[in-house]
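Listed below, chain by chain, are the residues.
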Amino acid sequence: MAEYKWPEEGKRKHIGKRISRVDGPDKVSGKAKYTYDINRPGMLFAKLVRSPYARAKIVSIDTSAAEKMPGVKSVRVIQQPGAEIRWAGDEIVAVAAVDESSAEDAARAVKIVYEKLPHFVNEADLAAAPASYRRQPTEQTKGDPDTAFKEAEVVVENTYGNDVMTHCCLEAHGLIAEWEDDNKLLVHPSTQAVSGNGAELARALQIPAGNVHLKMDHMGGGFGSKFPIDRWGIEAARLSKLAGGKPVKVMLERDAELMLAGTRPSAYAKVKVGAKKDGTIVAWESESWGSGGPAGTGMPPYPYVWQIPNTKTKHHSISTDVGPQRAWRAPNHPQACLVTMGALEDLAAKLNMDPLDFVIKNIELTGARANVYKDEMMKAAEMIEWKKIWRPRGEGGMGSTKTLKRGLGLSLHTWGGGGHASNCDVTINSDGTVDVKMGTQDLGVGTRTAIRIVAAETFGIPIDQVKEHIGDNSYPASGSSGGSTTIGGISASTRRGSIDALNMLFEKIAPSMNTTADKLEAVDGKIQVIGSPNNSMTWKQACAKLGMQPITARGKNPGPGNLTSAGVGGVQMADVTVDIETGVVKMNNFVAVQDCGLIIDMKTTESQVFGAMIMGIGYALYEEKIMDSQTGRMLNPNMEFYKLAGLADIGNFKVHMMTGKGYDERGPIGIGEPPTVSPGAAISNAVANAIGVRVPTLPLTPDRVLAALEKERRG
């Protein structure tokens, strides 16, 4: 009988192979329907009246003119007079009309009087933050850093940081809501939490959770920003109720998406780090600050990964009148990684050490995964030809071209990625097909494909005989797609459900094979006595014996057997060229070495890493939410001036996944977040290596590169 474990290497037909996404043809042909593509019969369109001020009190609201306009079907006041606004773009009134232009006209007709209040939106300068916007700082001390710094033979001090960046999903946030009767709601959302959003809507609307039905086939990105239904989604449902249950569609405009749909918090730190002359790291001290909007932000894990024996940290949480933060692939890790690896790279430079040698010398300070990091470092160095290309800081001139400087930088990172709670129903049909039903979602990363691979592997059948059914909260509940927990959760529940269903099939057919269920196995489209291909029947013959009664088994995670675990490490190295005359940074080569346990689909796994590297180049070189201190508004809420990396900006990528003994037996571990952590640090270090001076803050825009060079020239 089948056991609750993964097949061994050499016995895998599908797991670990390069398999194209099963939904690829639908997506490239346009057959796949995203939330934005859905238009229900009689649908209304919602628009929101937003505050033009970063901080203000609502004095009065007059919706009478809007209510009388042609095509307007419902109007709702979201925030009443007396409410205080804490960011520009906050929702005040919602309107629904027969088309978008009518809804926009009605929104403009709403009259709101505000009392403007003082605001604060730029936290890069700690000293400029008003006392009322600061929380009591948190401080932590380990060991004896004061004594360690006195004994340190080499000490460096510098400032590092990254500005606030904003989510920019290509499919904006939104949903379509319609009432099937007074208490039953149908919702087509763009969400990372199909199984969880129903309860959120039910609480807000005061109806039974079972009366909310969510359906979502495809979504255009989330990256951590699409867990909640959000106020605009709840208001769409309320507008629908006011309009007699008609479907109401609300999708954020691009400016609203960039202003409101979540940010990655800023992080800035003044760091002092010390070492012995031989390069042994002995002490760390940092004073940090940052903001994620009105709620401020917690301290990133400084120092990141490195378990330096003597440390002192102090962190200031600064609140700002800016749209609030949301999770964004590896929350707090990219910031901590940038600060930590930047400081250590600067220390290596002062020691006149190759940073690769410096990292390897201190690798035991990375803890339990030290040997993994060492192996990954050596592999990455080989892939990028580190020892051939690397030059000491500022000595990377390119031939006779005096304005072009080449540099290398490295970084390492970690993440958890353990599987979330997941349930699924696996059904074997009498025609030999298999259905897997699960209330999970595919953010575009290959969830559908992974489900099919695991089920097909378990049953010993081709992938196209498995059909997955996801994106519906009427299916068995599965966790939200966040924290890189999806692959562990859905693969483990699918494997357990498939094993249980297979064993039930064995029990059914064993008598007809003159054996017992414990002596059967499923291999290559057959059910056979273990190790005896001649004593077998085809998969379809076996399933035909089910007649009119298919087999269904419920798979769960957690559950019996060790099918998934948590905790991974990765290394990245960047090769850049910097034009010191223009300040432009060009990516030459970028390599990533990563472990994530047992790989279900090598092709989609590598694709996840490629996507993370592209996103990393974006936040390292281009992305920043630019706020105007005078007006409190975002100056670049559009795709013209909120810069993203394009195809010509990313250079050449190489990815190597750590597999085999020591990795595969851990089971699948999430890969979505870890490779997004190191790009900022690796690229920042490469630029410092190229030009001989640290550009302190991401993104590394041309003006910042030139400013750092000018500051160095002036001494």
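Note that the coordinates shown come from a computational prediction; the quantities given were computed from them, not determined experimentally.

Reading the values: rules and limits
Every chain is numbered on its own, with residues counted from 1 as its sequence reads. Whole-chain, interface and lining totals are the exception, using all residues; otherwise, since this is a predicted model, local features are given only for residues with pLDDT of at least 70 and side-chain atom pairs are given and counted only at 80 or more. Side-chain metrics in this entry use all non-hydrogen atoms of the structure; hydrogen atoms and water are not considered. Three labels apply to residues, based on accessible area from a 1.4 Å probe with only protein chains included: buried if under 20% of the type maximum, exposed if over 50%, partly exposed otherwise in between. Numbering of helices and strands starts at the N terminus; helices are DSSP runs of H or I of at least 4 residues and strands are runs of E of at least 2. Strands are treated as partners if at least two bridges between them are detected by DSSP. Think of a nonpolar core as a cluster: buried Ala, Val, Leu, Ile, Met, Phe, Trp, Tyr and Cys residues, connected wherever their side-chain atoms sit within 4.5 Å. When checking whether two residues touch, look at their non-hydrogen atoms; a contact exists if any pair is within 4.5 Å. In this analysis an axis means a line fitted to C-alpha atoms, helices contributing only their contacting stretch, and an angle means the value between N-to-C directions, from 0 to 180 degrees. Buriedness of a pocket was judged along seven lines, with at least five required to meet protein on both sides within 12 Å; pockets are open sets of points on a 1 Å grid over the protein atoms alone, cavities are sets where a 1.4 Å probe fits but cannot get out, and lining residues have an atom within 4 Å of a point. Grid points are joined across faces, edges and corners, and a volume is the space filled by probe spheres set on the points. Think of it as three bins: nonpolar holds Ala, Val, Leu, Ile, Met, Phe, Trp, Tyr, Cys and Pro, charged holds Asp, Glu, Lys and Arg, and polar takes everything else, Gly as well. Ring geometry is summarised as follows: Phe, Tyr and Trp rings, the Trp one being its six-membered ring, pair when their centres sit within 6.5 Å, and such pairs are stacked at plane angles under 30 degrees, edge-to-face over 60 and tilted between the two. Two conditions define a charge located above a ring, namely a distance within 6 Å from the ring centre to NZ of Lys or CZ of Arg, and an angle within 35 degrees of the ring normal. Polar contact is defined as a pair of N or O atoms within 3.5 Å, subject to the rule that within protein one atom must be able to donate a hydrogen and the other to accept it, and that residues adjacent in sequence are counted only when both atoms are side-chain atoms. The term salt bridge refers to a side-chain nitrogen of Lys or Arg lying within 4 Å of a carboxyl oxygen of Asp or Glu.

Help me understand the pairing of strand β11 (residues 184–189) in this model?
Sheet faces and side chains relate simply in a regular strand, where the side chains alternate between the two faces. With five of six residues buried, β11 is to be regarded as a mostly interior element. Here six bridges tie strand β10 (residues 174–181) to β11, and the two strands are oriented antiparallel to one another. Note that in β11 the partner of W179 across the bridge is L185. As consecutive antiparallel partners, β10 and β11 are separated by two residues. Bridge count between β11 and strand β12 (residues 212–214): three bridges; the pairing is parallel. Across the sheet, L185 pairs through a bridge with V212, a residue of β12.

Looking at this structure, I do not really get the nonpolar core. What am I missing?
For soluble globular proteins, the rule of thumb is that nonpolar side chains tend to be buried together. Counting 79 residues, the largest nonpolar core has L185, I683 and I691 as the members making the most contacts within it. In terms of residue count, the dominant contributor to this core is helix α15 (residues 602–621) (eight residues). I691 has contacts with G394, V578, I580, V705 and L709, leaving out every residue within four places of it along the chain. I281, W284, V372 and V593 belong to the second-largest nonpolar core, a separate cluster that totals 55 residues.

Explanation requested: the sheet that holds strand β16 (residues 281–290) in the structure shown.
As a general point, the strands of a sheet are linked pairwise by backbone hydrogen bonds and lie either parallel or antiparallel. Spatially, six strands are ordered β7-β17-β16-β15-β8-β30 in an open sheet, and the strand pairing comes out mixed. Every other strand in the sheet has two partners, leaving β7 (138–142) and β30 (697–698) as the edge strands with one partner each. Summarising the sheet, strand β8 (residues 154–162) and strand β15 (residues 267–275) pair through nine bridges and their orientation is antiparallel. Pairing of N158 across the sheet is with V271, part of β15. The strands that helix α8 (residues 333–350) touches are β8, β15, β16 and β30; relative to β8, the one it contacts most, it runs at about 150 degrees.

Before we go on, may I ask you to explain empty space enclosed by the protein in this structure?
The method is simple in principle: a probe with the dimensions of a water molecule rolls over the atoms, and the space it marks as empty is what remains. Evaluation of the coordinates by the stated rule reveals four cavities of 30 Å³ or more. For the largest cavity, the calculated volume is near 70 Å³. Taken together, H173, G174, L175, P189, S190, T191, K226, P228, I229, D230 and W232 make up the full set of residues lining the largest cavity. Taken together, the elements giving at least two residues each to the lining of the largest cavity come down to β10 and α6 (230–242). Here the lining of the largest cavity is built from residues that sort into five nonpolar, four polar and two charged. Considering only enclosed or pocket space, the second largest cavity measures out at about 50 Å³ in volume. Surrounding the second largest cavity, W87, A88, M259, D321, V322, G323, K625, M627, G632, R633 and M634 form its lining. Residues that form the lining of the second largest cavity fall into these classes: six nonpolar, two polar and three charged.

What exactly am I supposed to notice about the packing of aromatic side chains here?
Describing an aromatic ring pair means giving the distance of the ring centres and the angle of the ring planes. For the structure shown, the criterion picks out six aromatic pairs. When the ring of F459 is compared with that of W539, the centres are 5.3 Å apart and the planes differ by 40 degrees; the resulting orientation is tilted. Residue F459 is found in helix α12 (residues 447–459), and its partner W539 is found in helix α14 (residues 539–544); the two are separated by 80 residues along the sequence. Neither residue differs from the other here; F459 and W539 are each classed as buried. The structure contains a cluster of three or more aromatic residues connected by ring pairs, namely F590, F610 and F653. Directly above the ring of W328 sits R264, whose terminal nitrogen or CZ lies 4.5 Å from the centroid. The aromatic ring of Y619 is capped on one face by R264, whose charged end is 4.7 Å from the ring centroid.

What exactly am I supposed to notice about the environment of T631 here?
Within the fold, T631 resides in the loop between α15 and β29 (652–658). Here the alpha-carbon distance between T631 and H119, two residues 512 residues apart in the chain, equals 8.6 Å. Polar contacts involving the side chain of T631 include one to the side chain of D628, which spans 2.8 Å. Reaching out from T631, the side chain makes a polar contact with the backbone nitrogen of R633 at a distance of 3.3 Å.

I tried to follow the pattern of salt bridges on my own but got confused; where do I start?
Between side chains of opposite charge, a pair can form as their charged atoms come close. This structure, assessed with the given rule, holds 38 salt bridges. Between R714 and E710 there is a salt bridge; the shortest N-O distance is 2.9 Å. Of the two residues, R714 and E710 both sit in helix α17 (residues 702–714), four residues apart, roughly one turn of that helix. For R714, a relative accessible area of 69% puts it in the exposed group.

In this structure, what is going on with the sheet that holds strand β24 (residues 526–529)? I would like to understand it.
Pairing is antiparallel across the open sheet formed by three strands, whose spatial order is β23-β24-β25. A single partner strand is all that each edge strand has here, and the edge strands are β23 (520–523) and β25 (532–538). Looking at each pair of strands side by side, their axes are set apart by 40 degrees on average, direction ignored. Bridge analysis of β24 against β25 gives four bridges, and the strand direction is antiparallel. Its bridge partner being in β25, Q528 is matched across the sheet by S536.

Help me understand the side chain of N197, please; the structure alone is not making it clear to me.
With respect to the helices and strands, N197 occurs in helix α5 (residues 194–205). Side chain to side chain, N197 and T191 meet in a polar contact 2.5 Å long. Not counting residues within four places of it along the chain, the set of residues in contact with N197 comprises T191, L214, F227, P228 and I229.

What exactly am I supposed to notice about unusual backbone geometry here?
Residues apart from glycine generally show negative phi values, whereas peptide bonds are mostly found in trans. Looking along the chain, the bond that leaves N557 and enters P558 is cis, with omega of 5 degrees. Examined against the element boundaries, P558 turns out to sit in the loop between β26 (551–557) and β27 (568–579). Here the residue pair L698 and P699 is connected by a cis peptide bond, since its omega of 0 degrees sits within 30 degrees of zero. Here A330, not a glycine, exhibits a phi torsion of approximately 70 degrees, which is positive. Position of A330 relative to the elements: it lies in the loop between β17 (310–317) and α8. In this model, N352 sits at a positive phi of 60 degrees, which is unusual for a non-glycine residue. With respect to the helices and strands, the residue N352 is situated in the loop between α8 and α9 (355–361). Since its relative accessible area comes to 71%, N352 is described here as exposed.

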